[in-house]
Amino acid sequence: MSLAVFSALLYLLSFPVSSFNCSPWPLIFIALVPFFIYLEKTRSLLHVAAAGALFGALVSVGMAYWIFNAMVWEYGLPVISTIIFMLFGLMLPHALMYGVYGLAYRFLRGTITGPRGLIMFYAIMVPSLWIFIDFSRELIPVTVPWGPVGYAVQPCNLFMQMADITGLHGVTFLVVMINSITRYLCSDVDWNTIRQIESFSAALRGAFKYMARNRAAFSLLLCGILVPLAYGAIRLPAVRQMIERERSAGKEIAAIIVQPNFSQDERWKDSGFMDRVNVCMGLTGRCGGLKKDSTGESEKWSGGAPKHGGFVVWPETVLNTEGMVDTGLFSFIQSRLDDGHILVAGGVRREIGSSGVYNSAYIVSRAEGVTFYDKNILLPYSETAPFGQLFGKYYTAPSEFLPGRTPSAARTDEGIIGLSICFEAVYPWYVRRSVRDGARVLVNISNDGWFGRTSEPGMHLRHASVRAVETRRFMVRASNNGYSAVISPTGEIVRRSGLFTRECIRDDIVMPGSKTIYTLLGDWIIYAAAGVLGATLAGFIIKK
């Protein structure tokens, strides 16, 4: 069982564990090897299920430890209630999923015979099963697809470029395949012979024999590493050239991101609503998003001549005081914005006759007027209450929101934009759907202040970066307390704010129209994985 714990530790170390968004990410290429070894070595199926459950529970709580900060320090819940929630609301679902993974792993391993069958098992079946479990986290209402394996290699930008073909799950598939083939190679090592080696030449001869005996496995291992890197080395310059062509053609527009850094208490006080609006307006002006004042002086923007046209993005739930978010407010904001600028601002919205509210994004533009997008995928337990109002109200914030039904692709004066609010950006299929429906730039508004100076803001930024690569769209992300960023279609962070700072950031973006293979075909690799697993199961049944 200690091997499962060791694997979970390596997995967690591959990701950021603090607000500094850095980690020894190459560990992810061997992190699962001890876990796979234990699943095969132990004889008891009960121990297999327990090892999977332990691995899943440890990884889930390690990846989302910041929930403790939100519940205790922000919501003010008792520590014991928080621990109970994390045991049953967070750790238990993941323990069940990875317990099932362990049992399925052993079952599939038992259906395989012969050297070729073993290679197929480690190279195809093991990663197929893994991404199938990962994808289920996107579908189960009480889980969030936070921190799958593929995100660990996001710092290696070359490796991530293949996501425009396969999506995140394809990256995960390859990383898990590298782990499983490494486990296969470990099983063929004769440790007694190694201990008896007395010279370097003998060690070299033994190594060559070992590689020759396992040339198929070594070939697959090298392909799993080198093919994505080679594709990235070709694709990355091509995408950069595409961006430069758009810029040279004069198709760039401004993206202004406001990070007001309101406290959680301040953000929901009705009495300070106009003060918050004015803070956001002031920050917008600082980055050149407002008209000239009466003296003819422009705003405090020193980054070159402000371009007419573009997006101004305010974070989630800024316009959140009912009775004050009306046509008068939007007319005031629109009268101050520089000509051609489009405002995207988070707020709450109530429909006439409805008892609940929506977590919404308002889009204010001259030609389209004021439109809105309602958050479709609500965060379990925080924005929904599947088991009753666990958290209760936080200051004047709603304890539960209504799920939206509006499309995430919204029309603006500058073209169609793909909207997501907060954790919606961690669902690849959801963001991809907006681009399939015509979005030419991605906009995410968020509030990560609940989680403090933990790994959550940096990890959230990683998720957004991968969405940009998958769709080859600029991602404009505004977060109340950070990190806010402009992310290139290459996945590179072009501009980034600080954490818990009040500031605005600005950069020029383009809005490409071409669609990636992933955008067109979606999670085809999941269907392929399901086909492999289904065919294996059917073959087993036929033999029986």
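Anything mentioned here points back to the structure above.
Below, the structure is looked at part by part.

Reading the values: rules and limits
Sequence positions are assigned chain by chain, starting from 1 and proceeding in written order. Totals for whole chains, interfaces and linings use all residues, but because this is a predicted model, local features are given only for residues with pLDDT of at least 70 and pairs of side-chain atoms are given and counted only at 80 or more. Neither water nor hydrogens contribute to the side-chain values; these are computed over all heavy atoms in the structure. Pairing between strands requires that DSSP locate at least two bridges from one strand to the other. Numbering of helices and strands runs from the N terminus; a helix is a DSSP stretch of H or I covering at least four residues, while a strand is a stretch of E covering at least two. Geometry is summarised by axes, namely lines fitted to C-alpha atoms with helices restricted to the contacting stretch, and by angles between N-to-C directions that run from 0 to 180 degrees. Residue contacts are defined here by distance: any two heavy atoms, one from each residue, within 4.5 Å place the two residues in contact. One side-chain nitrogen of Lys or Arg within 4 Å of one carboxyl oxygen of Asp or Glu is enough to make a salt bridge. Buried residues are those whose accessible area, probed at 1.4 Å on protein chains only, stays under 20% of the maximum for their type, while exposed residues exceed 50% and partly exposed ones sit between those limits. Each Phe, Tyr or Trp ring, with Trp reduced to its six-membered ring, pairs with another whose centre is within 6.5 Å; inter-plane angles below 30 degrees give stacked pairs, above 60 give edge-to-face pairs, and intermediate values give tilted ones. In this description, the term disulfide denotes a pair of cysteine sulfurs within 2.5 Å. Multiply 1.5 Å by the residue count of a helix minus one, and that product is the helix's expected span. What makes a nonpolar core is a set of buried Ala, Val, Leu, Ile, Met, Phe, Trp, Tyr and Cys residues whose side-chain atoms join them at distances within 4.5 Å. We call two directions roughly parallel when the angle between them is under 35 degrees, roughly antiparallel when it is over 145, roughly perpendicular when it lies between 65 and 115, and oblique otherwise. Definitions for this section: a left-handed crossing has its near helix turned counterclockwise from the far helix by less than a right angle. A right-handed crossing has that turn clockwise. For this classification, the nonpolar set comprises Ala, Val, Leu, Ile, Met, Phe, Trp, Tyr, Cys and Pro, the charged set comprises Asp, Glu, Lys and Arg, and every other residue, Gly included, is treated as polar.

**Considering the sheet that holds strand 8 (residues 441-446)**
Item 1. The strand order 6-7-8-9-10-11 describes an open sheet built from 6 strands, whose pairing is mixed. Each having just a single partner strand, strand 6 (409-412) and strand 11 (493-496) make up the two edges of the open sheet. Averaged over all adjacent pairs, the angle separating strand axes in this sheet is 20°, with direction ignored.
Item 2. The strands touched by helix 15 (residues 428-436) within the sheet are strand 6, strand 7 (415-421) and strand 8, with strand 8 carrying the most contacts at an inclination of about 140°.
Item 3. Against the sheet, helix 16 (residues 456-471) contacts strand 8, strand 9 (475-479), strand 10 (485-487) and strand 11, and its axis sits at roughly 160° relative to strand 9.

**Quick look at the pattern of salt bridges**
Item 1. Counting across every chain of the model gives 16 salt bridges.
Item 2. Glu-470 is paired through a salt bridge with Arg-467; the nearest N and O atoms lie 2.7 Å apart. Of the two residues, Glu-470 and Arg-467 both sit in helix 16, 3 residues apart, roughly one turn of that helix. Neither Glu-470 nor Arg-467 differs from the other in exposure class; each is buried.
Item 3. Residues Asp-507 and Arg-495 are paired through a salt bridge, measuring 3.4 Å at the closest nitrogen-oxygen approach. With Asp-507 in strand 12 (residues 503-509) and Arg-495 in strand 11, this residue pair connects regions lying 12 residues apart in the sequence.
Item 4. For Asp-507, a relative accessible area of 13% puts it in the buried group.

**Considering helix 4 (residues 66-74)**
Item 1. Within the span of helix 4, buried status applies to Trp-66, Ile-67, Ala-70, Met-71, Val-72 and Glu-74.
Item 2. Here the buried face of helix 4 lies against helix 3 (45-63), helix 5 (79-110), helix 12 (264-267) and helix 16.
Item 3. Once helix 4 finishes, Gly-76 follows within two positions and takes phi at roughly 75°, a positive value.

**Comments concerning the packing of aromatic side chains**
Item 1. Scanning the entire structure with this criterion turns up 26 aromatic pairs.
Item 2. Relative to Phe-423, the ring of Trp-146 has its centre 5.3 Å away and its plane inclined at 55°; by these criteria the two rings are tilted. Of this pair, Trp-146 sits in the loop between helix 6 (115-139) and helix 7 (157-160) while Phe-423 sits in the loop between strand 7 and helix 15, and the two are 277 residues apart along the sequence.
Item 3. Note on Phe-423 and Phe-451: the rings are 6.4 Å apart at their centroids and 90° apart in plane angle, and the pair reads as edge-to-face. Highlighted residues: Phe-423 in the loop between strand 7 and helix 15 and Phe-451 in the loop between strand 8 and helix 16, separated in sequence by 28 residues. For the pair shown, Phe-423 and Phe-451 are each scored as buried.

**A few points about the state of the cysteines**
Item 1. Applying the stated criterion across every chain, the model contains 1 disulfide.
Item 2. The side chain of Cys-287 participates in a disulfide bridge whose partner is Cys-504; the two sulfur atoms lie 2.0 Å from each other. Taking the sign of the torsion about the S-S bond as the criterion, the disulfide between Cys-287 and Cys-504, at about 90°, is right-handed. Of this pair, Cys-287 sits in the loop between helix 13 (273-286) and strand 2 (310-313) while Cys-504 sits in strand 12, placing them 217 residues apart in sequence. For the pair shown, Cys-287 and Cys-504 are each scored as buried.

**Comments concerning the pairing of strand 4 (residues 358-365)**
Item 1. The buried fraction of strand 4 is high, at 8 of 8 residues.
Item 2. Of the two faces of strand 4, the one holding Tyr-358, Ser-360, Tyr-362 and Val-364 and the one holding Asn-359, Ala-361, Ile-363 and Ser-365 are both buried throughout.
Item 3. Where strand 3 (residues 341-349) lies against strand 4, 7 bridges are found, and the strand directions are antiparallel. Bridging from a neighbouring strand, Gly-347 pairs with Ser-360 of strand 4.
Item 4. For strand 4 and strand 5 (residues 369-374), the ladder comprises 6 bridges, and the chain directions are antiparallel.

**What to know about helix 13**
Item 1. For helix 13, built from 14 residues, the straight-helix expectation of 20 Å at 1.5 Å per residue is met to within 8% by its first-to-last C-alpha distance of 20 Å.
Item 2. Within helix 13, burial applies to Phe-273, Arg-276, Val-277, Cys-280, Met-281, Leu-283, Thr-284 and Gly-285.
Item 3. Those residues of helix 13 that are buried lie in contact with strand 1 (253-259), helix 12, strand 2, helix 14 (327-336) and strand 12.
Item 4. The first or second residue beyond helix 13 is Gly-288, which carries a positive phi of 80°.

**Quick notes on the nonpolar core**
Item 1. Tyr-11, Ile-28, Phe-36, Tyr-101 and Trp-130 are the most contacted members of the largest nonpolar core, which totals 115 residues.
Item 2. Ranked by residue count, the leading element in this core is helix 8 (residues 163-187), at 12 residues.
Item 3. In contact with Phe-36, other than residues within four places in its own chain, are Tyr-101, Tyr-105, Val-126, Trp-130, Val-176, Asn-179, Ser-180 and Arg-183.
Item 4. Counting 24 residues, the second-largest nonpolar core is a separate cluster that includes Val-277, Leu-319, Leu-329 and Cys-504.

**Side note on the packing of helix 3 against helix 5**
The description of two helices packed together rests on the angle between their axes and the distance between the axes.
Item 1. The interhelical angle for the contact between helix 3 and helix 5, taken along N-to-C directions, is 140°, at an axis separation of 6 Å. When the axis of helix 3 is compared with that of helix 5, the two are oblique. Between helix 3 and helix 5 the crossing geometry is right-handed. In this structure, helix 3 contributes Leu-45, Val-48, Ala-49, Gly-52, Ala-53, Phe-55, Gly-56, Ala-57, Ser-60 and Val-61 to the contact, and helix 5 contributes Met-86, Leu-90, Met-91, His-94, Ala-95, Tyr-98, Gly-99, Gly-102, Leu-103 and Arg-106.
Item 2. Of the residues assigned to the contact of helix 3 with helix 5, the class counts are 13 nonpolar, 6 polar and 1 charged.

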